[in-house]
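What follows is the residue order along each chain.
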Amino acid sequence: MRVRGIEMASKDCVKVAVRVRPFNKRERDAGSRCVISMTSNNISIQDPRNPQNSRTFTFNYTYWSHSGFTRNKDGLFVPEEAGGRYADQTSVFLDLGQGILDNALQGYNATLLAYGQTGSGKSYSMVGYGPNKGLIPTLCERLFQSIRNMQDSRQCQVFFSMLEIYNEQVVDLLSKSNRSTGGLRVREDQQRGFYVEGLRRVPCDSAVQVEQLMEQGTRTRTTAATHMNANSSRSHMLIIVQLKQIFSKECVTKQSNIYLVDLAGSERQRSSGSEADRLKEGTAINLSLTTLGNVISALADMALGKKVVHIPYRDSVLTKLLQSALGGNSRTVMIATLSPADICYEESLSTLRYAERAKRIQNKAVVNESPTERLVKELKAENAKLLMRLSRLGQEGRKADDETKELRRLLTHNELQIRAIQTLWEQHLQEALKDWETQYATITQERRMMQMHPYIMNINEDAQLSGVVKLFIQEGEWDIGLADNSPRALSIRGLGIQEKHAVFSNQQRRVSITPVSGSKVIVNGVSVSKRIELQHLDRLVLGSNSTYLFIGFPSERSGEDWSRYDYDYFQSELAEAEGFHIQSLCEDQGHRPHQPDPSLLAVFYDYIKLMPMVTEANQMSKELKKGVEFKLEIKNLAMSDSKGHDLEKDIAVRVTSVESKQVWMWSKAKFVNRKFLMEEVYQQQVEGGEGADRAPLPRDRDPFWDPLEPLHLGSAHLWLQSVAFRIPLEEQVEVVGPEGTEEAILQTQLVPCSPMGLPLGEDDILIDPSELLGKRLDFQLVLDQCCGLRWVKEARNRGVQIGFRVFDCPQPLYTPAMWHNVNPLMDHRVQFTALRTSQELLSYLQSNALVLELWGLQEGCSELVSCMDGLKITQEDSIIIDKISASEHSTAENGGSDLSSSLRALHQDLEQLRNVNAALRKENSTLREQLNSARNGVENNRGRQERRSSLRPSCDAEFAKALKVFYHSMTSVRGQLQRLRRHKPSEEADLLGFRLFVDEHTYLLKDFSEQLEQCVTTLKQDVAAIVRRKREKSGIWS
Ligand SMILES: Nc1ncnc2c1ncn2[C@@H]1O[C@H](COP(=O)(O)OP(=O)(O)OP(=O)(O)O)[C@@H](O)[C@H]1O
Ligand SMILES: [Mg+2]
């Protein structure tokens, strides 16, 4: 189609709108805070961890749909009061949808994209839910209204197509034939650009028809999702509305394509892209989404005048199809949807950044118009010529019968062709209408059945797809499963579904389900193996994760809102049955309710989200005979925190080989990535069928496999405070695993020493650690023995290593590997030296612990090696820490830079001040002595003063000794406190269990307080004794 001319081309920037939705139930339950605020076209987002940190963006439109709304009697969400700030579906349509429609009617291509994280409201804005119709249905409604209003001036044809891009495959959602393997092909045509070959285009002439088609498309999407065990929020949904307007008088045809795109959840792009995984192809989780981001970035750079060599349109299916929408011939609008909650801050910020880039893109839209079809025109011209020749033949009166006949035949043929072209559209339309009527009859039938029988309906992670599949349980017995070969079978697909999975029975107005042995059926979170009667709104999980809501007899339904039984509800119920529930996060140590930390909530939600994925991965592993098992673990990040903070937690997936007992730990992102690849492998095998060639996947491409790596089993904390006092410490520390299990006991020592490595004596103990400042400090870490290694007890062919990192050491250091021994002797000694102890090091020693990480080795995995790069070593082989002071030290020798010389000056000042302070103190005490002697009239005070000063060092040594004793006993008290902290009741504890727990806890507490009491008493006694002795010696009481 020829465009009207280049002079018409104008630069249109992509228009961007943002919309923020209300809190969902989960966010409300968690007491989430809204981090988004809006004023006119500005939107601000606040960092929940650092409220001063707020970012503001400006867009063409901003929609506040978070609060200030009410549900009217028709079920529509509308502003609470007239003129309120709440943006409802109508106001969003008036800005965005109407604009798209106007553009299309003028002959421009128009695109509307919805971008945002899963559950942020893309489909709500695009498609809508129930009476709250979204942009697409309203746009179609208004389109047909406009067509009717303008039918005098033009003739219009509308074609509707709906497709899905899943894993780079195009699925025609309106096609009646079975999905072709590999999906439809995207081809390129010089004139049309990229298009989907063989995509069904359905002629339409009413909004109702469009709605029905969308329902049909959603149904296909739902079945595809269950058949492929795929998650729809990972797929992109595209609706293409082609509008052709024929202006007969002007002999002009205008044609515009409207692309309406509901993109996949944006977090898929981040989670797959950010994490390193051996199987990088997994980023195809959303190659389309990643490429879309790259295309947008490139175009935004171009708009900023940066040199852009290549725009990667061709890298993905989605960007091929959206080529004209982005930087091409289209007027484009993007709606970015946001969750308001604090826990979604990162995702929302990333969405806003994405939208910010998109608004820079410049398009060049032109009106697509051409003279009305050439063929019709040419045929008409030819007819005119033929008619002329015929009349000439008649005038000449010659008997040219044959020629006349031939000309008449040609004429008739041409006229038929013209008529055929004109009637083709009408014919298509009639066919579509007939087809539509059949569809409509099916839907009417289904509605009737819903009013008569109980049924189960599917609940999908994507709320758009929930309630699409309904299986009616009429009177009698019904088998449910994969099999569909009997009229009394309800056929379902899904992971872990057996041929005959369970039997439904509807007798005497009671419905029950009986699982077939070996099949998995969960009712309301509880696994069942026997017949169980179902109640209205019971939740059913069949197989790994096919979720259904049971709807009872019509008489049992009382108009309640079923929407609360969403996918989240099902998963939370399952998690709760496993003893993992949100309340447990909302209680502090004393079991008082409190507001949970957002990071803990994020972990909770991750757990809920990953749980069904882990179940599915296990099922796939079982069916494909991969011999690995997956298990979710909550990792306590306190394990690696040198201050032992107990807040941060993260989710990891433990992968265990059933036979070899080899273990891998996968991060959340890696697991999500792998799960996607597993689905692909599984799908190929399933599609391949029984007899198909099932060549085993090479190991390096197998998503179930990974090379073995050392595993972080747990950590122990060795507190460093004693080093600051130069007190030697000998301690047994417990290595605690991520879930609080005792992995081993480590016998360790911290030995303050001389530069040569000789242990210091008691006289070197410091009372005031600040005396260390600016001085050299040497100490040794001694790892004597590792006892009771659980890791090795489980399988003798394993080994361990200990890793640790001190202060500013750039890399961790590791002990040599110890294999096949539950209690290996290590005798590993490392010396550290601070050449001039800085305040930072001193503070670190006083408040931090040395984290000793226990690493598990498995046969065939490489050992961890200390990397000595960047480490400085003294002549005595001691590792230099506290580099700032060290560099200061060396620069002092070399003359130094400005900065370090001013630092040095400061240090000197400090030193001087300290000396002055000491002198003043001395003078002060002398004065006091003089005063005393004057008061008592005692002579010879001089000799006494000599005695006093000679007493001082020995007195300090006594204090130091007492402190050392106190410090040692405090170590065991601290151990007791840790044990107390970890001591929690078991999740399944009943009343008796709780009572036992409380008894035990009381005992531990008593023990702890006794120990503490004893420590303090000893210290008091010691100090009192020293003071007494001192006074006796100084003769005050004599
Ligand atoms: N503006 C809004 N007003 C009221 N409810 C909303 C709004 N936006 C979204 N919701 C609700 O939030 C839930 C999730 O929305 P929706 O299905 O649109 O998310 P989505 O972005 O399409 O997610 P996915 O990527 O999983 O498809 C739905 O139950 C929907 O009803
Ligand atoms: Mg959606």
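Residues numbered from 1 in each chain as written. Chains lettered and ligands numbered in written order. Predicted model: local features only at pLDDT ≥ 70, side-chain atom pairs only at ≥ 80, totals over all residues. Heavy atoms only, no water.

Caption draft 1: View of the environment of cysteine 344. When you line up the elements, cysteine 344 lands in the loop between β19 (331-338) and α9 (345-358). Excluding residues within four positions of it along the chain, cysteine 344 makes contact with Glu27, Gln117 and Ser339. (Helix = DSSP H or I, 4+ residues; strand = E, 2+ residues; numbered from the N terminus. Contact = heavy atoms within 4.5 Å.)

Caption draft 2: Representation of the sheet that holds strand β22 (residues 455-458). Pairing is antiparallel across the open sheet formed by six strands, whose spatial order is β23-β22-β32-β31-β28-β29. With one partner strand each, in any of the chains shown, β23 (470-472) and β29 (526-528) form the two edges of the open sheet. Sheet twist, expressed as the average angle between the axes of neighbouring strands with direction ignored, equals 30°. As paired elements, β22 and strand β32 (residues 546-551) share four bridges and run antiparallel to each other. In the sheet register, methionine 457 faces β32, and the bridge partner there is leucine 549. Seen against the sheet, helix α12 (residues 567-577) touches β28 (521-523), β31 (539-542) and β32 and runs at an angle of roughly 75° to β31. (Pairing = 2+ DSSP bridges. Axes fitted to C-alpha atoms, helices over the stretch in contact; angles between N-to-C directions.)

Caption draft 3: Here's a closer look at α12. Every buried residue of α12 is listed here: Tyr567, Phe570, Gln571, Glu573, Leu574 and Ala575. The positive-phi residue at the C-terminal boundary of α12 is glycine 579, with phi of around 85°. (Buried < 20%, exposed > 50% of the residue type's maximum accessible area, 1.4 Å probe, protein only.)

Caption draft 4: View of unusual backbone geometry. Phi angles above zero are rare outside glycine, and glutamine 508 is one such case at about 45°. Mapped onto the elements of the fold, glutamine 508 is located in the loop between β26 (502-507) and β27 (510-515). A positive phi angle, near 70°, is found at aspartate 877, a position not held by glycine. Assessed through its relative accessible area of 61%, aspartate 877 is described here as exposed.

Caption draft 5: Molecular detail of the pattern of salt bridges. Per the stated rule, a full pass over the model turns up 29 salt bridges. With a shortest N-O distance of 2.7 Å, glutamate 616 and lysine 675 are connected by a salt bridge. Pair noted here: glutamate 616 is in helix α14 (residues 598-623) and lysine 675 is in helix α15 (residues 668-688), with a separation of 59 residues, a long-range link. Given the relative accessible area of 13%, glutamate 616 is considered buried. Looking at lysine 675, the relative accessible area reads 2%, which means it is buried. Among the salt bridges present, the one from arginine 790 reaches glutamate 794, with a minimum N-O distance of 4.0 Å. (Salt bridge = Lys/Arg side-chain N within 4 Å of Asp/Glu carboxyl O.)

Caption draft 6: Inspection of the UniProt feature "binding site: ATP" (unreviewed entry) in the chain at higher detail. Cross-referencing UniProt, the feature "binding site: ATP" (unreviewed entry) maps to Gly116, Gln117, Thr118, Gly119, Ser120, Gly121, Lys122 and Ser123 in the present numbering. Among the annotated residues just listed, those lining the second largest cavity are Ser123. In this fold, glycine 116 is placed in strand β9 (residues 110-116). According to the relative accessible area criterion, glycine 116 is buried, its value standing at 0%. Leaving out residues up to four positions away in the same chain, glycine 116 has contacts with Lys122, Ala264, Gly265, Ser266, Thr337 and Thr351. Along the polypeptide, serine 120 turns up in the loop between β9 and α3 (122-126). (UniProt positions renumbered as here; feature names shortened; annotations may be inferred. 1 Å grid on protein atoms, 1.4 Å probe; cavity = no way out; pocket = protein on both sides within 12 Å on 5 of 7 lines; lining within 4 Å.)

Caption draft 7: Layout of the confidence of the model for the chain. Scored by pLDDT, the chain has a mean of 82; 82% of the residues are at 70 or more. Low pLDDT, under 50, characterises residues 1-10; the predicted model gives this stretch 24 contacts beyond four residues in sequence or across chains. In the model, residues 889-900 has pLDDT below 50 throughout and makes six contacts with residues more than four positions away in sequence or in other chains. (pLDDT = per-residue confidence, 0-100.)

Caption draft 8: Expanded view of the site of ligand 1. Around ligand 1, the surrounding shell holds 16 residues, and the nearest of these are Gly119, Lys122, Ser123, Tyr124 and Tyr129. Residue glycine 119 places a main-chain N or O atom 2.7 Å away from an oxygen atom belonging to ligand 1. Measuring from an oxygen atom of ligand 1, one finds a backbone N or O atom of glycine 121 at 3.1 Å. Calculation on ligand 1 without its partners gives an accessible area of 630 Å², and the protein chains cover 83% of this total. Here the shell around ligand 1 takes three residues from α3, the largest share from any one element. (Near = heavy atom within 4 Å. Polar contact = N/O pair within 3.5 Å; in protein donor to acceptor, adjacent residues only side chain to side chain. Areas by Shrake-Rupley, 256 points an atom, 1.4 Å probe, with all protein chains shown as cover.)

Caption draft 9: Region of interest: the environment of lysine 254. Looking at the element boundaries, lysine 254 is found in strand β18 (residues 252-262). Of the residues examined, lysine 254 reaches a relative accessible area of 16% and is grouped as buried. Along the backbone, lysine 254 and leucine 105 are 149 residues apart, and their C-alpha atoms lie at a distance of 8.5 Å.

Caption draft 10: Molecular detail of empty space enclosed by the protein. Taken as a whole, this structure holds three cavities of 30 Å³ or more when the rule is applied. Here the second largest cavity is characterised by a volume of approximately 60 Å³. As for the second largest cavity, its lining consists of Ser123, Val127, Met162, Met214, Thr218, Arg221, Met237, Asp262, Gln464 and Leu465. Per-element tally for the lining of the second largest cavity: the top contributor is helix α5 (residues 207-227), with three residues. Class assignment of the residues belonging to the lining of the second largest cavity gives a composition of five nonpolar, three polar and two charged. (Points joined across faces, edges and corners; volume = space filled by probe spheres on them. Nonpolar A, V, L, I, M, F, W, Y, C, P; charged D, E, K, R; others polar.)

Caption draft 11: Here's a closer look at the pairing of strand β37 (residues 729-736). Here eight bridges tie β37 to strand β38 (residues 742-753), and the two strands are oriented antiparallel to one another. Along β38, the bridge assignment pairs glutamate 730 with glutamine 749. Here β37 folds back onto β38 in antiparallel fashion, the turn holding five residues, of which glycine 740 has a positive phi close to 90°.

Caption draft 12: Structural detail: the packing of helix α2 (residues 89-106) against helix α4 (residues 135-149). Following both chains from N to C, one finds α2 and α4 inclined at 45°, their axes separated by 10 Å at the closest point. It follows from the interaxial angle that α2 and α4 lie oblique. Relative to α4, the crossing made by α2 is right-handed. Along the contact surface, α2 presents Val92, Phe93, Leu94, Leu96, Gly97, Gln98, Ile100, Leu101 and Leu105, while α4 presents Leu135, Thr138, Leu139, Arg142, Leu143 and Ser146. Looking at the contact of α2 with α4, its residues break down into ten nonpolar, four polar and one charged. (Parallel < 35°, antiparallel > 145°, perpendicular 65-115°, else oblique. Left-handed = near helix turned anticlockwise from the far one by under 90°.)

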